[in-house]
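Structural overview
What follows is the residue order along each chain.
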Amino acid sequence: MQKRTHLVGEAFSVAPETQVTLMGWVERQRDLGSLVFFRLRDRWGSLQVRVNEGENPGAHAVARKLRAEFVVSVSGVIKLRPEDERKDEPGGDRELVPESIEILGESKTPPFYITDETPSDDTLRMQYRYLDLRRPPMVRIMEIRHRAFFELRRYLDGLGFWEIETPILTKSTPEGARDYLVPSRVQPGRFYALPQSPQLLKQTLMIAGTDRYFQLSRCFRDEDLRADRQPEFTQLDLEMSFVTRDELFEVGEGSMAHIFKEAIGVEVKLPFPVYTYAEVMSRFGTDKPDIRYGCEIRDFSGAFSGTEFRVFASVLEAGGAVKGIFVPGAKPSRKEEDELNAFVRKGGGGGLALLRVQDGNPTGTLAKFVDEQHFKALREAAGEAGDGTFMLMAGEPDALLPVLGQLRVHVAEAFSVPKAGGFQFCWVVDFPLYEPDEETGEPVPMHHPFTSPLEEDIHLLESDPLKVRADSYDMVMNGVELGSGSLRVFNPELQRRILRNLGMTDDVITERFGFLLKAYGYGGPPHRGFALGLDRIIALMAGTSSIRDVIVFPKTTSAQCPLTGAPSEVGDDQLAELKLKLRDGG
Ligand code: ASP
């Protein structure tokens, strides 16, 4: 084999007539008889190769044998293409005229061709991932991911953070999902849990005096997978001691601004706005607000006081509320109105009343119940003077919010509400510490049980736990939650109280978290941190909607790897060694 002199991308800028040896994959071979063309591709680009029988019969004979995805070494001279044949793309002004071509590896006909276009069969893409990853859009994603990870390390190192790996074989860390378990051979009947996050160990590192820790950490959660979830994923996991919330936010914001700039050249606006949970729930009906556009939820109860519209009047009398959104420019047709109604019903809402505003006047069925005074009050409450549509619902105030929140996102798409461009980040703070369990109604942690309550709410811990707010926060961008974090409980007695509220006895607490509580008994500093989902962040940076695109070897929604076939069965001898027996049906 010859020595490679240049990468294909480097050959785009060498002087014409330079002698080069390039290596890579063949694409688009065209055999025109005495003339054969193909493109030679590596990670850095692709270049046309022109082989003329008359000029070089040896190379021509080899070129005729080439097929898509053969691996070749091509030695020859870079020539400028005739002016009228030049293409407006990198390397499009030149071609390689070979003196010799060596086939280094042959390829079967690939199940899909290596182009910018995404093959439609996802499982095939995962099964032949090595081919999918050769496609230029995937190369670009891998590069963005690499750059972002590399720059995160550089940025955090500059702030005095240490990158520290925590074990993969560890003890269960409750993050609300099922654990992946690994049986111990030397201690039969005992299991390690793969970390759902390094939460408890990063807290332990703070007790160890590390002060500033981060890790690009792999987390494992055995959940029912949706298209945008993976059983293993990567977080920027970070923890700091002795800092205020604002100091931590500066690190989170700075990290994002740095990697968006370095990996995709985008300037992120700093600082991020901060909203409380209570505020975003009432304004956006969700804890992941998309703040690129308005259509915020407003309370129109006042505007409808004394209304003759029976549905609203009876709800208001019963102490309920009329809430809704105003969608500027929207003129839903009868059919669209039915669809919107179906949409809110599916989301658990009773029904939607629409009031259109056309040429400054209310129209539609509801209009006859809206006199001039009501209309003025409505517009004032909405803070909108133009044409569009009020979309209104009546009911129990808190129950209306999530439905209206979903409706807001839906209509923004459906009626093309103008959005501010780019990436709009914000923080949402002061979440409830607990939420009621869907089945039992008992308090369960909204974040994880190591989150500190707000100082002023600690007295409610036992008497009214669902009222307690936490010193916790989410980072949100364009309506997507990127991650969350909190101040941690660093007082072991307070930690016990919080765990007891979850129905744990002191024995269970000691068995599961004794090591942590013991450690805090030796001087635990106040500390806080967060974890951000890097797969999702890279997907947003790369402009793809699927996190599978940014994970090199992803799994299907049934948690399988089509490339390797994992998970696979194991032999009886392996099970015997682990002292495990499969149950019937296993
Ligand atoms: N460990 C948490 C999570 O994975 C984040 C944190 O509180 O730092 O969501």
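Placed above this text is the structure.
Residues numbered from 1 in each chain as written. Predicted model: local features only at pLDDT ≥ 70, side-chain atom pairs only at ≥ 80, totals over all residues. Heavy atoms only, no water.

The immediate surroundings of the ligand are formed by 13 residues, with Glu175, Gln199, Lys202, His448 and Arg488 found nearest. A distance of 3.0 Å separates an oxygen atom of the ligand from a polar atom in the side chain of Arg221. If the ligand stood free it would expose 270 Å²; the protein chains cover 95% of that surface. Elements with a contribution of two residues or more to the shell around the ligand: helix H5 (199–207), strand S21 (480–487) and strand S22 (527–533). Partitioning the shell around the ligand into residue classes produces 2 nonpolar, 7 polar and 4 charged. (Near = heavy atom within 4 Å. Polar contact = N/O pair within 3.5 Å; in protein donor to acceptor, adjacent residues only side chain to side chain. Areas by Shrake-Rupley, 256 points an atom, 1.4 Å probe, with all protein chains shown as cover. Helix = DSSP H or I, 4+ residues; strand = E, 2+ residues; numbered from the N terminus. Nonpolar A, V, L, I, M, F, W, Y, C, P; charged D, E, K, R; others polar.)

Here we come to the layout of surface pockets. Considering only enclosed or pocket space, the second largest pocket measures out at about 1,100 Å³ in volume. Lining the second largest pocket we find 38 residues, and of these Glu27, Arg41, Gly45, Ser46 and Pro136 sit closest to its centre. Looking at the lining of the second largest pocket, the elements that each hand over two or more residues are strand S1 (19–31), strand S2 (35–42), strand S3 (45–52) and helix H4 (136–158). In terms of residues, the lining of the second largest pocket owes the most to one element, H4, which gives 7 residues. By residue class, the composition of the lining of the second largest pocket is 15 nonpolar, 6 polar and 17 charged. (1 Å grid on protein atoms, 1.4 Å probe; cavity = no way out; pocket = protein on both sides within 12 Å on 5 of 7 lines; lining within 4 Å. Points joined across faces, edges and corners; volume = space filled by probe spheres on them.)

With 7 bridges joining them, S1 and strand S4 (residues 71–80) adopt antiparallel strand pairing. The residue of S4 that forms the bridge with Thr21 is Ser75. Bridging between S1 and S2 involves 5 bridges; their strand directions are antiparallel. Residue pairing in the sheet places Arg30 in a bridge with Phe37 of S2. Here S1 folds back onto S2, and the loop between the two strands holds 3 residues, one of which, Gly33, carries a positive phi near 90°. (Pairing = 2+ DSSP bridges.)

Attention now moves to the pattern of salt bridges. Under the criterion given, the structure shown has 46 salt bridges. With a closest N to O distance of 3.3 Å, Asp211 and Arg212 form a salt bridge. The salt bridge partner of Glu337 is Arg356, with a shortest N-O separation of 3.0 Å. Residue Glu337 is located in helix H9 (residues 334–346), and its partner Arg356 is located in strand S14 (residues 353–358); the two are separated by 19 residues in the primary sequence. Take Glu337 and Arg356: they sit in the same class, and that class is buried. (Salt bridge = Lys/Arg side-chain N within 4 Å of Asp/Glu carboxyl O. Buried < 20%, exposed > 50% of the residue type's maximum accessible area, 1.4 Å probe, protein only.)

Our next topic: H5. For H5, the buried fraction is high: 7 of the 9 residues fall into the buried class. Contacts made by the buried residues of H5 are with strand S9 (212–220), strand S10 (232–241), helix H13 (506–520) and S22. At the exit of H5 stands Gly209, carrying a positive phi of roughly 85°. (Contact = heavy atoms within 4.5 Å.)

The N-to-C vectors of H4 and helix H14 (residues 534–542) enclose an angle of 125°; their axes lie 10 Å apart at closest approach. Regarding the angle of H4 to H14, the classification is oblique. In terms of crossing hand, the pair formed by H4 and H14 is right-handed. Along the contact surface, H4 presents Arg140, Ile141, Ile144, Arg145, Ala148, Phe149 and Leu152, while H14 presents Leu534, Asp535, Ile538, Met541 and Ala542. Across the contact of H4 with H14, the residue classes break down as 9 nonpolar, no polar and 3 charged. (Axes fitted to C-alpha atoms, helices over the stretch in contact; angles between N-to-C directions. Parallel < 35°, antiparallel > 145°, perpendicular 65-115°, else oblique. Left-handed = near helix turned anticlockwise from the far one by under 90°.)

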